[in-house]
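# Analysis of the macromolecular model
Read off the chains here:
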Amino acid sequence: MKILVLNGSPKREKSDTMHITRAFLEGMQEAAPQVIRTIDVIDRHIEYCTGCFACKMNGGTCMHQDDMQDILHTILESDLLLFSFPLYCYGMPAPMKTLLDRTMPLSSMAMQKVGDRYAHVGQADFSRLRYLMICGCGFPNSRHNFEPAVAQFKLCFPENHTILTIPESPMFSALEAAAVTEPRLALVRQAGKQYALAGSIDEALLSQIGSPMIPEEQYAAIVNGLGSTPRVDLERMSTQKAAEPNAQYAAHESCSTQSVDLPEMRNTNRNTQDATKDKGEYRYLSLRECPEFLNSAAAWFHEKWGVPRKAYAACMTAYLNRETEYGWYLCLNGNRIVGGLGVIENDFHDRKDLTPNVCAVYTEEAFRGHGVAGHLLGLVVQEMRAKGIMPLYLVTDHTGFYERYGWEFLCTAKDDSGNASRVYIYR
Ligand SMILES: Cc1cc2nc3c(=O)[nH]c(=O)nc-3n(C[C@H](O)[C@H](O)[C@H](O)COP(=O)(O)O)c2cc1C
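Residues numbered from 1 in each chain as written. Predicted model: local features only at pLDDT ≥ 70, side-chain atom pairs only at ≥ 80, totals over all residues.

## Considerations on the environment of Tyr 131
- Of note, Tyr 131 is situated in strand S6 (residues 130–136).
- Each C-alpha atom of the pair Tyr 131 and Ile 3 lies 9.9 Å from the other, and the pair is 128 residues apart in sequence.
- The contacts of Tyr 131, once residues within four sequence positions are left out, are Leu 81, Phe 157, Asn 160 and His 161. (Helix = DSSP H or I, 4+ residues; strand = E, 2+ residues; numbered from the N terminus. Contact = placed C-beta atoms within 7 Å.)

Shown next, in the form of C-alpha cells:
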C-alpha cells in the first residue's frame, strides 16, 4: 500500500504524535510491506488559499506555484492519507489546515447532495483512497477536546476514514514515562496490524488506545510540577486504568480544560526528576548519563549474576566509547544502584541468531514490587527502538513476568550447560 504521511506537528520527527504514528506504521508493516512517504508539512512552501475558486473552474490548476502541486500529485498516487497532527486549539495546526485548504483543486465547483448535506464533486477518482487521522493532545481529557477536529475530519472525508485520538501525548516523548507509554505503543502497533489486514480497527481497541494512560488528576499534577516521580505511580496507575468503556470520550466531566496550564511535559519531567533526586527517590538512567558509575555498576552486576566484573566493564566501556549502541541502564535510589539491565549480543545460549539480548535484569530484593524492572524494560525498549534496534530478545526462567511488559514467549534455547531456558521477544 502507498501511504502518504502528512506530519502536521511543527516539531517534525520530535513530535509526540509521531511516536504513535510510527508505532501504527510498524504494525502495518508487520502485516505486509508498505511504501511510506512522510512529509513534514511545516517545511513545505504552501501559500494560503485565496478563495478565488479558479482551480474549481479551470480543471484543477491553482494560481500559486509552490510545493502543493507535488503534494497533490502524491495524494493522487497514494492509497492511504495519514494525517498525523497534535491538537491545537481543538483543531489542527495552521500549516496542516493550510494544506487541507489547498486541496481545493481536487474537486470542481459543482455541488452534489450526499445524504443530508452537499459536497463538491471530485475532479478525480478517489474511491480507493483511505483516510487516517492520528491526533495527540496535551490534556488528559478527550471529551470537550477532540470533538471539533474529529468532526472536521469526518466531514472532509466522509468515506473510508479511521480516527485515533490519544490524550496525554507529551508522555510519549518522556523517557521517564516509558513504563506506561510502551504498552500503549504496543496497542497502537496491534491496531496498525489490524488496519492493514482488515481495513478497520476494533472499537474496543480504539477505546483502549484513546483512554488516558494514567488518571487525569495524576497527569495534571505531574504537568503542573506537583506530582511525584512517575516511577511507582505511573505503572500502578496504568494497570488501574485499564480501558474504560467508550474511553475515547470517557474522560471525567469534572476535568477543567480551562484551569490547567500546559507547559511542555518534557520540562516538567525534568523538574520532577530533579525533585525526585532531592527526595532520594528513584532515577532511571543510561550509563552514558552517569558514566561515573562504570566501576560500581560492573561490580554490582558481577555480585548479582556471577559473570566476571571485567566482562561487564568491557561491555560498558564499549558502550561509553560509542563502539556499540548496546546500552546499560541503572535505577538509582539516591546514589545506590537498586536495579539494572544491559543489552549484549548473546546471553550465553545456543540461538545465536536471536540477537541482541536484554540481559542481567535485576532489582534489589528490598525494592521489588515497585515497578523498577518494568520501568527499566520500558526504557531499554524505547531507547533501542529509537536507534532502530528491534526486535529484542531475552532469556529467562520466569513465566508470566515479562508478558506484563509486552514481551512474548518465542521458543526455548539451551544455555552453556545444556539446560533449556525460555526465550522472549519484544517486537
Ligand atoms: C498552540 C497550541 C495549542 C494547543 N491546543 C491544545 C488543545 O486544544 N487541547 C489539548 O489537549 N492540547 C493542546 N495543545 C497541546 C498539544 O496538543 C500537545 O502538546 C501535543 O502533545 C503536541 O504534540 P506534537 O509533539 O505531536 O506536536 C496545544 C499546544 C499548542 C502549542
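Read on, since the account is not over.
## A word on the sheet that holds strand S1 (residues 2–7)
- The 5 strands are arranged S2-S1-S3-S6-S7 in an open sheet whose pairing can be described as parallel. Of all strands in the sheet, those with a lone pairing partner are strand S2 (35–40) and strand S7 (161–166), marking the two edges. For this sheet, the mean angle separating the axes of adjacent strands, direction not counted, is 15°.
- Across 7 bridges, strand S3 (residues 80–86) lies against S6 in parallel orientation. The residue of S6 that forms the bridge with Leu 82 is Leu 132. (Pairing = 2+ DSSP bridges. Axes fitted to C-alpha atoms, helices over the stretch in contact; angles between N-to-C directions.)

## What to know about the site of the ligand
- With respect to spatial proximity, 18 residues lie near the ligand, and among them Ser 15, Pro 86, Cys 137, Gly 138 and Phe 139 are the closest.
- Partitioning the shell around the ligand into residue classes produces 9 nonpolar, 7 polar and 2 charged. (Near = placed C-beta within 6 Å. Nonpolar A, V, L, I, M, F, W, Y, C, P; charged D, E, K, R; others polar.)

## Overview of the sheet that holds strand S8 (residues 282–286)
- In spatial order, the strands read S8-S9-S10-S11-S12-S14-S13; together these 7 strands make up an open sheet with mixed pairing. Of all the strands in the sheet, just S8 and strand S13 (408–414) have a single pairing partner and so form its edges. Across the sheet, the mean angle from the axis of one strand to that of its neighbour is 25°, orientation sign disregarded.
- Packed onto the sheet, helix H11 (residues 294–305) meets strand S9 (328–333), strand S10 (336–344) and strand S11 (357–363) and runs at close to 85° relative to S10.

## A look at the packing of H11 against helix H12 (residues 309–320)
- Between H11 and H12, the shortest axis-to-axis distance is 8 Å and the interhelical angle comes to 140°. When the interaxial angle is binned, H11 and H12 end up oblique. H11 and H12 meet at a crossing whose hand is right-handed. Contact residues: Leu 294, Ala 297, Ala 298, Ala 299, Phe 301 and His 302 in H11; Arg 309, Tyr 312, Ala 313, Met 316 and Leu 320 in H12.
- For the contact of H11 with H12, the per-class residue count stands at 9 nonpolar, 1 polar and 1 charged. (Parallel < 35°, antiparallel > 145°, perpendicular 65-115°, else oblique. Left-handed = near helix turned anticlockwise from the far one by under 90°.)

## What to know about helix H1 (residues 16–31)
- Counted residue by residue, H1 has 12 buried out of 16 residues, so it is predominantly covered.
- All buried positions along H1 are accounted for by Asp 16, Thr 17, Met 18, His 19, Ile 20, Thr 21, Arg 22, Ala 23, Phe 24, Leu 25, Gly 27 and Met 28.
- Looking at the packing, one finds that the buried side of H1 touches S1, S2, S3, S6, S7 and helix H6 (178–198). (Buried ≥ 20, exposed ≤ 12 C-beta atoms within 10 Å, placed from the backbone.)

## Examining the environment of Ala 94
- The topology assignment puts Ala 94 in helix H4 (residues 94–101).
- Measuring from C-alpha to C-alpha, the distance between Ala 94 and Ile 42 comes to 9.3 Å, with 52 residues separating the pair along the chain.

## Brief notes about the environment of Gln 65
- Examined against the element boundaries, Gln 65 turns out to sit in the loop between helix H2 (54–57) and helix H3 (68–77).
- Remark: the alpha-carbon pair of Gln 65 and Glu 47, spanning 18 residues in sequence, is separated by 8.7 Å.

## Here's the deal with the nonpolar core
- Judged by nonpolar contacts, the single largest core of 96 residues is most densely connected at Leu 6, Leu 82, Leu 376, Val 380 and Leu 394.
- Mapped onto the domain boundaries, this core takes at least three residues apiece from domain 1 (2–276) and domain 2 (280–426).
- Ignoring sequence-local partners within four residues, the contact set of Leu 394 consists of Asn 357, Val 358, Cys 359, Tyr 402, Trp 407 and Tyr 424. (Core = buried A, V, L, I, M, F, W, Y, C linked by C-beta atoms within 7 Å. Domains from an automatic or database assignment.)

## Considerations on the confidence of the model for the chain
- Per-residue confidence for the chain averages 87 on the pLDDT scale, and 87% of its residues sit at or above 70.
- Confidence over residues 228–279 falls short of pLDDT 50; this stretch has 104 contacts with residues more than four positions distant or in other chains. (pLDDT = per-residue confidence, 0-100.)

## Here we look at the pairing of S13
- As paired elements, S13 and strand S14 (residues 420–426) share 6 bridges and run antiparallel to each other. Residue pairing across strands places Lys 414 opposite Ala 420, the latter belonging to S14.
- Connecting S13 to the next strand, S14, in antiparallel fashion are 5 residues, including Gly 418 with a positive phi near 85°.

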